[in-house]
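# Summary of structural features
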Amino acid sequence: MLKESIKMALENIISNKMRSFLTMLGIIIGVGSVIALITIVSGATSTVTDQVASMGANTVTVQVQGTPLKQGLTQSDVDEISELSNVEGVAPTISGQTTVTFEGNTMDEISLQGKNDVYFENTEDVISSGRIINILDTENESRVALIGNDIATELYVGKNPIGEEIKIGGITYHVIGILQESDNFASADTNNSVIIPYTTAMGVVGAKYINSLTVYIADETVAETTTRQVEGVLTKAFNDDEDGYSIVNMQSILDTIEEMTNILSLMLAGIASISLVVGGIGIMNMMLVSVTERTSEIGLRKALGAEPKQIQLQFLIESVVLCLIGGVIGFILGVVLAWVVAYLIGTNFFLSASTVILAIGFSAIIGVVFGFTPARKASRLNPIDALRSI
């Protein structure tokens, strides 16, 4: 019986191709919009989350504004944070602007960054070739440098920069490595950057204090406790003046991003669902017209012994099949659109199983909800009145 009902539903849809397509159009647009929006937002969020996570979900970032009595952190303050029980390491950062020169060719407005060995040990894919800055470079304030991809390409045409010299701010350094090329969604552009030991960088930029550092946590499960311990050291260093610094736990950022994304996805899905409701109204309208057109067929089937529930099921199945076909087409179009957008803007393409279930499930629900009234009307037709139209 079910198989015959589905077959009859398909035959009726095919026999009215244009009307069926126009009726399904609302469902196609609605499902396509929902799938495309959710997939695009999920992909973009995945990209941003990956970038934040690459900075380390197990990290605490400290930015120091300083106070009138103390403008930044000293090396002893950094060492005190390093000695906390759950701290795996501390990586200070010294930043500035400089010029770089090689064989008379100069590049201006280059980002100068001072790092230590801890940073490189806890960060993946920093360099594309060469070696990283090690603990001896930091302790000895060595004049070694890692250079960005654009610097290597522009200054060392036809040469391998590694092992060559480079002048940074007029001082000669040895190039020991080339930084990994950064993309559009990278947290920081390293293509026009040079990285040197932070102890060396403090002398280059004339810094007496450290104003930025990253704390690496050994056990993420007690990250909040460790963060409070770091805050205790900082508060003590700045004489209980909490305005002298700011501290950010990366895991809290990831949690906030996820929360905001879920809210945004729900809002976008809600807006796009309006077209699904419109499509459902179109389905109901077509099915009511179909009931009117097929009055004689309904009367004949009832006269031959068809029960009202069988008539109702026939029209309900037809409504559901119509919505499912529209849902599948809308799903395909939505996925294609999401893939194209993700490719153009350079984000991840993320299609979850829940999105697929949402597309098919929503289509079936629309078919049942908006097909129920026409199906019920068909099942209640008086067979004698219906046969009079023959």
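Presented here is a report on the structure given in the accompanying data block.

## A look at the pattern of salt bridges
As enumerated under the stated definition, the model contains four salt bridges in all. Glutamate 80 is paired through a salt bridge with lysine 236; the nearest N and O atoms lie 3.9 Å apart. One end of the pair, glutamate 80, is in helix 3 (residues 75-82); the other, lysine 236, is in helix 8 (residues 223-237), with 156 residues separating them in the sequence. Where arginine 131 meets aspartate 137, a salt bridge forms, and the shortest distance between an N and an O atom there is 2.9 Å. Owing to a relative accessible area of 5%, aspartate 137 belongs among the buried residues under this scheme.

## Considerations on the packing of helix 3 against helix 8
Two elements in contact, helix 3 and helix 8, have axes separated by 10 Å at closest approach and are oriented at 155°. Judged by the inter-axis angle, helix 3 sits roughly antiparallel to helix 8. The crossing of helix 3 and helix 8 is right-handed. Seen from helix 3, the contacting residues are Asp77, Glu80 and Ile81; seen from helix 8, they are Val230, Val233, Leu234, Lys236 and Ala237.

## Some words on the nonpolar core
Counting 43 residues, the largest nonpolar core has Val100, Ile147, Ile151, Ile166 and Ile168 as its most contacted members. It is helix 8 that contributes the most residues to this core, five residues altogether. Look past the residues within four positions of isoleucine 166 in its chain and what remains in contact with it is Val100, Thr101, Ile147, Ile151, Leu155, Tyr156, Ile171, Thr172, Tyr173 and Val175. Formed by 26 residues, the second largest nonpolar core is a distinct cluster that contains Ile13, Ile35, Ile366 and Phe370.

Rules of the game
- Residues numbered from 1 in each chain as written.
- Predicted model: local features only at pLDDT ≥ 70, side-chain atom pairs only at ≥ 80, totals over all residues.
- Heavy atoms only, no water.
- Salt bridge = Lys/Arg side-chain N within 4 Å of Asp/Glu carboxyl O.
- Helix = DSSP H or I, 4+ residues; strand = E, 2+ residues; numbered from the N terminus.
- Buried < 20%, exposed > 50% of the residue type's maximum accessible area, 1.4 Å probe, protein only.
- Axes fitted to C-alpha atoms, helices over the stretch in contact; angles between N-to-C directions.
- Parallel < 35°, antiparallel > 145°, perpendicular 65-115°, else oblique.
- Left-handed = near helix turned anticlockwise from the far one by under 90°.
- Contact = heavy atoms within 4.5 Å.
- Core = buried A, V, L, I, M, F, W, Y, C linked by side-chain atoms within 4.5 Å.

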